[in-house]
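Secondary and tertiary structure notes
Letter by letter, the chains look like this.
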Amino acid sequence: MKDLSELLPRDKHDFERVSNLKNINKKDLIKLIPELLEWLQDINWPIAVEITKLLLSVPQETIPYVRKVLEGGDDIWKEWCLRYFVMELTEDLRQILQDELVRIAYKPSKGEQLEEVHITAREILNN
């Protein structure tokens, strides 16, 4: 069995590896979700949006990891996950994150307020 970590991007400009990930088996892609999701910590990294597209190809499997981000303390990461992943989900899949969205929208932490994550959560809930 090959080491799947060899398939992961090595830097924020590693479009070649991101492109190669589009062709791997879905089961292998699913195993890489936690590491791939880390690239959404800064959406300004050149490969971040492309990685989001990969994660959206396995949305059901990515949601539990996004939930962990939304329950965590990195408010900017929450914003990028909401804006670039959750906002693109179907209504049915968004429902899975309903509790987290409502909490952020109406009982945000100080950090979520400062980063305006609550505004994004409200926007998602209103769509």
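Residues numbered from 1 in each chain as written. Predicted model: local features only at pLDDT ≥ 70, side-chain atom pairs only at ≥ 80, totals over all residues. Heavy atoms only, no water.

So, about the overall build of the protein chain. Scanning the protein chain from terminus to terminus reveals ten helices and zero strands. Written out in order from the N terminus, the α and β elements of the protein chain read α-α-α-α-α-α-α-α-α-α. Against the 2.2 N^0.38 benchmark of 14 Å for 127 residues, the protein chain shows a C-alpha radius of gyration of 15 Å, consistent with a compact globule. Taking all 127 residues of the protein chain together, the buried fraction comes to 43%. (Helix = DSSP H or I, 4+ residues; strand = E, 2+ residues; numbered from the N terminus. Rg over C-alpha atoms; globule rule 2.2 N^0.38 Å. Buried < 20%, exposed > 50% of the residue type's maximum accessible area, 1.4 Å probe, protein only.)

With that out of the way, let us pick up helix 8 (residues 98-106). Where helix 8 is concerned, the buried positions are E100, L101, I104 and A105. The buried residues of helix 8 occupy one face: seen down the axis, they fall within an arc of 125 degrees. Where the residues of helix 8 are buried, they touch helix 5 (59-71), helix 6 (75-84), helix 7 (91-96), helix 9 (110-114) and helix 10 (117-125). (Arc of directions from axis to C-beta. Contact = heavy atoms within 4.5 Å.)

Now for the side chain of K78. Looking at the secondary structure, you find K78 in helix 6. By relative accessible area, which is 3% here, K78 ends up buried. Leaving out residues up to four positions away in the same chain, K78 has contacts with V69, L70, G72, G73, R103, E112 and V117.

The tally for this structure, following the rule as stated, stands at two aromatic pairs. Geometrically, the ring pair formed by W39 and W45 is edge-to-face, given 5.5 Å between the ring centres and 75 degrees between the ring planes. When its relative accessible area of 14% is taken as the criterion, W39 is described as buried. (Phe/Tyr/Trp six-rings, centres within 6.5 Å; stacked < 30°, edge-to-face > 60°.)

In contact at an axis separation of 7 Å, helix 8 and helix 10 are set at 130 degrees when each is read in the N-to-C sense. Between helix 8 and helix 10, the interaxial angle falls into the category oblique. Pair helix 8 / helix 10 crosses with left-handed handedness. Residues Q98, L101, V102, I104, A105 and Y106 of helix 8 touch helix 10, and the partners they reach there are V117, H118, A121, R122, I124 and L125. (Axes fitted to C-alpha atoms, helices over the stretch in contact; angles between N-to-C directions. Parallel < 35°, antiparallel > 145°, perpendicular 65-115°, else oblique. Left-handed = near helix turned anticlockwise from the far one by under 90°.)

The next thing to look at is the environment of W39. Tracing the backbone shows W39 in the loop between helix 3 (33-37) and helix 4 (48-56). Those residues within four positions of W39 in sequence are excluded, and the remaining contacts are P9, D11, K12, W45, I47, A48 and I51.

A separate point is helix 6. Helix 6 sits mainly inside the fold: seven of its ten residues count as buried. Restricting attention to buried positions, one finds in helix 6 the residues D75, W77, K78, E79, W80, C81 and L82. Contacts made by the buried residues of helix 6 are with helix 3, helix 5, helix 8, helix 9 and helix 10.

Let us now look at the pattern of salt bridges. A complete count under the given rule lists twelve salt bridges for this structure. We note a salt bridge from R83 to E123, for which the minimum N-O separation is 3.8 Å. A residue pair is termed long-range when its members are at least 10 positions apart, and R83 in helix 6 and E123 in helix 10 qualify at 40 residues. Residue R83 is classed as partly exposed on the basis of its relative accessible area of 26%. For the salt bridge of E91 with R94, the shortest nitrogen-to-oxygen distance reads 4.0 Å. In this pair, E91 and R94 both sit in helix 7, three residues apart, roughly one turn of the helix. Its relative accessible area of 42% is what places E91 among the partly exposed residues. Classification of R94 as buried rests on a relative accessible area of 11%. Three or more residues are tied together by salt bridges with common partners; here these are D75, K78, R103 and E112. (Salt bridge = Lys/Arg side-chain N within 4 Å of Asp/Glu carboxyl O.)

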